[in-house]
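Per-entry structural report
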Protein chains: 2
Amino acid sequence: MSDPNTRPNSRIQRQNREVILEAALDVFSAHGFRGATLDQIAAAAGLSKPNVLYYFASKEAIHLDLLSGLMDSWLAPLRALDPAGDPMEEILDYVRRKIEMSRDYPRESRLFANEILQGAPRMAEAIEGELKSLVDEKAAVIRGWGAEGRIAAVDPHHLIFSIWALTQHYADFDVQVRAVLGPGHDPFAEAGQFLEGLFTRLLAPATGQMPEA
Amino acid sequence: MSDPNTRPNSRIQRQNREVILEAALDVFSAHGFRGATLDQIAAAAGLSKPNVLYYFASKEAIHLDLLSGLMDSWLAPLRALDPAGDPMEEILDYVRRKIEMSRDYPRESRLFANEILQGAPRMAEAIEGELKSLVDEKAAVIRGWGAEGRIAAVDPHHLIFSIWALTQHYADFDVQVRAVLGPGHDPFAEAGQFLEGLFTRLLAPATGQMPEA
DNA sequence: CCTGAGACTGACCGTTTGGTCAAACATCAA
DNA sequence: TTGATGTTTGACCAAACGGTCAGTCTCAGG
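How each quantity is defined
- Residues numbered from 1 in each chain as written.
- Chains lettered and ligands numbered in written order.
- Predicted model: local features only at pLDDT ≥ 70, side-chain atom pairs only at ≥ 80, totals over all residues.
- Heavy atoms only, no water.
- Helix = DSSP H or I, 4+ residues; strand = E, 2+ residues; numbered from the N terminus.
- Buried < 20%, exposed > 50% of the residue type's maximum accessible area, 1.4 Å probe, protein only.
- Contact = heavy atoms within 4.5 Å.
- Areas by Shrake-Rupley, 256 points an atom, 1.4 Å probe, with all protein chains shown as cover.
- Lys, Arg positive; Asp, Glu negative; His and termini not counted.
- Charge placed at Lys NZ, Arg CZ, Asp CG, Glu CD.
- Axes fitted to C-alpha atoms, helices over the stretch in contact; angles between N-to-C directions.
- Parallel < 35°, antiparallel > 145°, perpendicular 65-115°, else oblique.
- Left-handed = near helix turned anticlockwise from the far one by under 90°.
- Nonpolar A, V, L, I, M, F, W, Y, C, P; charged D, E, K, R; others polar.
- Buried area = accessible area lost by both parts, 1.4 Å probe.
- Salt bridge = Lys/Arg side-chain N within 4 Å of Asp/Glu carboxyl O.
- Polar contact = N/O pair within 3.5 Å; in protein donor to acceptor, adjacent residues only side chain to side chain.
- Near = heavy atom within 4 Å.
- Domains from an automatic or database assignment.
- Phe/Tyr/Trp six-rings, centres within 6.5 Å; stacked < 30°, edge-to-face > 60°.
- Lys NZ or Arg CZ within 6 Å of the ring centre and 35° of its normal.
- Least-squares fit on C-alpha atoms with pLDDT ≥ 70 in both.

**Concerning the overall build of chain A**
- A count of helical and extended segments in chain A gives 10 helices and zero strands.
- Helices and strands appear in chain A in the N-to-C order α-α-α-α-α-α-α-α-α-α.
- For chain A, the spread of C-alpha atoms along the three principal axes comes to 70 × 40 × 30 Å.
- Split into buried and exposed, the 213 residues of chain A put 51% on the buried side.
- Here the contacts in chain A between residues at least 6 apart in sequence split such that 67% fall between residues at least 24 apart.
- Here chain A has roughly 9,500 Å² of accessible surface; of this, 52% comes from carbon and sulfur atoms.
- Between the averaged position of the 21 positive side-chain charges in chain A and that of its 30 negative side-chain charges there is a distance of 5 Å.

**Remarks on the packing of helix 5 (residues 87-104) of chain B against helix 8 (residues 156-172) of chain B**
Residues and elements named next belong to chain B.
- Where helix 5 meets helix 8, the axes come as close as 8 Å, and the angle between the chain directions of the two elements is 30°. Here helix 8 runs roughly parallel to helix 5, going by the angle between their axes. The handedness of the crossing between helix 5 and helix 8 comes out as right-handed. Here Ile91, Tyr94, Val95, Lys98, Ile99 and Ser102 of helix 5 come into contact with helix 8, specifically with Leu159, Ile163, Trp164, Thr167, Gln168 and Ala171.
- Per-class residue counts for the contact of helix 5 with helix 8 are eight nonpolar, three polar and one charged.

**Here we look at the interface of chain A and chain B**
- Chain A puts 53 residues into the contact, and the matching count from chain B is 53 residues.
- Contact with chain B buries area across many residues of chain A, yet A:Leu117, A:His158 and A:Val180 alone supply 16% of it, more than any other trio.
- Our count for the contact surface shared by chain A and chain B stands at zero salt bridges.
- Seen at the junction of chain A and chain B, the total is 10 residue pairs in polar contact (both at pLDDT 80 or more).
- Sorting the residues of the side of chain A that touches chain B by element identifies helix 1 (11-35), helix 6 (106-117), helix 7 (124-147), helix 8 (156-172), helix 9 (174-181) and helix 10 (187-203) of chain A as the ones contributing at least two each.
- By residue number, the principal contributor to the side of chain A that touches chain B is helix 8 of chain A, which donates 12 residues.
- Its residues placed into classes, the side of chain A that touches chain B shows 29 nonpolar, 15 polar and nine charged.

**Let's talk about the protein's contact with DNA strand D**
- Taken together, 20 residues lie near DNA strand D, and A:Leu38, A:Lys59, B:Ile12, B:Gln13 and B:Tyr55 sit nearest.
- Counted by atom, the contact set of DNA strand D within 4 Å of the protein is 65% sugar and phosphate.
- B:Asn51 has a polar side-chain atom sitting 3.2 Å from a sugar or linking oxygen of DNA strand D.
- For the surface near DNA strand D, the per-class residue count stands at nine nonpolar, eight polar and three charged.

**A few points about the pattern of salt bridges**
Residue and element names in this part refer to chain B.
- By the definition in use, this model includes 28 salt bridges over all chains.
- Two residues, Arg103 and Asp104, come together in a salt bridge whose shortest N-O distance is 3.0 Å.
- Arg103 sits in the partly exposed class, given a relative accessible area of 45%.

**Notes on the domain arrangement of chain A**
Residue and element names in this part refer to chain A.
- When cut into domains, chain A gives domain 1 (4-57) and domain 2 (66-203).
- One C-alpha centre belongs to domain 1, the other to domain 2; they are set 29 Å apart.
- In this complex, domain 1 contributes nine residues to the contact, which on the side of domain 2 involves seven residues.
- Both sides together, the interface formed by domain 1 and domain 2 hides about 790 Å², and carbon and sulfur atoms give 61% of it.
- Interface area lost by domain 1 to domain 2 is led by Leu25, Ser29 and Phe33, which between them contribute 60%.
- On inspection of domain 1 and its partner domain 2, the count reaches two salt bridges.
- Between Arg107 and Glu22 there is a salt bridge whose closest N-O contact spans 3.0 Å.

**Let's talk about the packing of aromatic side chains**
- Tallied over the full model, the rule gives 10 aromatic pairs over all chains.
- When the ring of A:Tyr54 is compared with that of A:Tyr55, the centres are 5.1 Å apart and the planes differ by 80°; the resulting orientation is edge-to-face.
- The partly exposed category is assigned to A:Tyr54, whose relative accessible area is 44%.
- Overall, the relative accessible area of 6% leaves A:Tyr55 in the buried class.
- Taken together, A:Phe161, A:Trp164 and B:Tyr170 form an aromatic cluster joined through their ring pairs.
- One Lys or Arg, A:Lys59, reaches over the ring of A:Phe33 and ends 4.6 Å from the middle of that ring.

**Focus: the relation of the copies chain A and chain B**
- In the superposition of chain A on chain B (RMSD 0.1 Å, axial shift 0.0 Å), the rotation amounts to 180°. Within this description, the copies of the chain are treated as partners about a two-fold rotation axis. Across chain A, the smallest distance between a C-alpha and the rotation axis is recorded for A:Ala165, namely 2.7 Å.
- By residue overlap, the copies meet face to face through one surface: 100% of the interface positions of chain A are interface positions in chain B.

**Describing the side chain of A:Glu115**
Residues and elements named next belong to chain A.
- Inspection of the secondary structure puts Glu115 in helix 6.
- Among the polar contacts listed, one links the side chain of Glu115 to the backbone nitrogen of Arg122, at a separation of 3.1 Å.
- If we skip the residues at most four places from it in the chain, Glu115 touches His63, Leu67, Ala120, Pro121, Arg122 and Met123.

**Observations concerning the environment of A:Leu67**
All names here are of chain A.
- Along the chain, the position of Leu67 falls in helix 4 (residues 59-79).
- Leu67 gets classed as buried once you look at its relative accessible area, which sits at 3%.
- When the C-alpha positions of Leu67 and Met123 are compared, they lie 7.9 Å apart, and in sequence the two are 56 residues distant.
- Once residues within four sequence positions are removed from consideration, Leu67 is found in contact with Leu111, Glu115, Arg122 and Met123.

Rendered as structure tokens:
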């Protein structure tokens, strides 16, 4: 007995687990947990269904594996927000990192969105724990910047929500964005420019000084 | 044979169809199309499963009925944007109407989000037709306002996307918002205030004149 | 060559799911 | 009361689903 679920030792085990997770990300992000089937995942992975279940105990185990790996990388951009840096540049950098994530990892964004939409039944503790405490920590930093007059004094929690909403929208609602814009557009490039302007205007300190055009 | 699917005549038919649609909205918005079952819908409606199928031809027919009724009410707030009104006030009113919709009709918002997330398989034509043409029309109006210097000249399509993203976020990601804010908050009231400030700052004409605090 | 642990599969199982159907029940005008 | 129409249901079905299992194949180490 090799017990691949607890000890992914051999090369072939690591490799196949990787292939399965990749395929499952495709399927789960496109159809949701309930909408995805083991047969779809197995087919996408190029393996038989029993073989998939040889590497993961159940459909839910695959899903949990994806979600648990997701939270860390999802929080990384916010974690990188440096209290010692320049306030405006730190926040704009955060927005840029989030837009890049939406562009480069849209499936992860949709997997996350699917989970939250349905009440986050499998992520409740991570959201109320890890995520909340990180947000509270960074919100305090941003509130401090506002109190010092280094940026406009806006509610930091809702500022963070607005960054999430605006950046993830382009990944989660990709089909709608592309349909409305029509052909010949690069949604993520345009979004990057638009959001840079938006947050620059929003956060410009209210000292009567406008940022140069 | 009464054929309730094409002619909802009698009082009891209209009433039961209504009850079923209401129950289905609950279930579909919470679990997605695939995640919802006819038994759940029937139980929520207080009817037997065969009785539900007496009023609707199939599970998909219920879903389509909900979606088709949704598009109109979903576009209404944008449709009400008046080209002859005051630019800033028109856009702020639009934001207010959208926030109210997120607050009062979160299930509809989540139903919509679920559908778009999964590639809008049953709404593609409505999005590329109705929705796109309305957005293009209103975007032209907003672009005109920008060109006249009555508001800041921002990309009107992405302005509309940002309004969608910011307002719908509070309905679609409700559990996350509440978990992060913690108890003792009214997310929609706070969002209303925050977004009013955000769009006021964003759209203030760049005539060197800052809006009064 | 053999051996044995690891990797893989076809056949199968119990449950759930969307949907059907014949029969029963309700309602009401004639 | 009767009959006709509209409404409701228990029993049932085929397909799809997640998952199991006995057994086969593979292949490196001895």
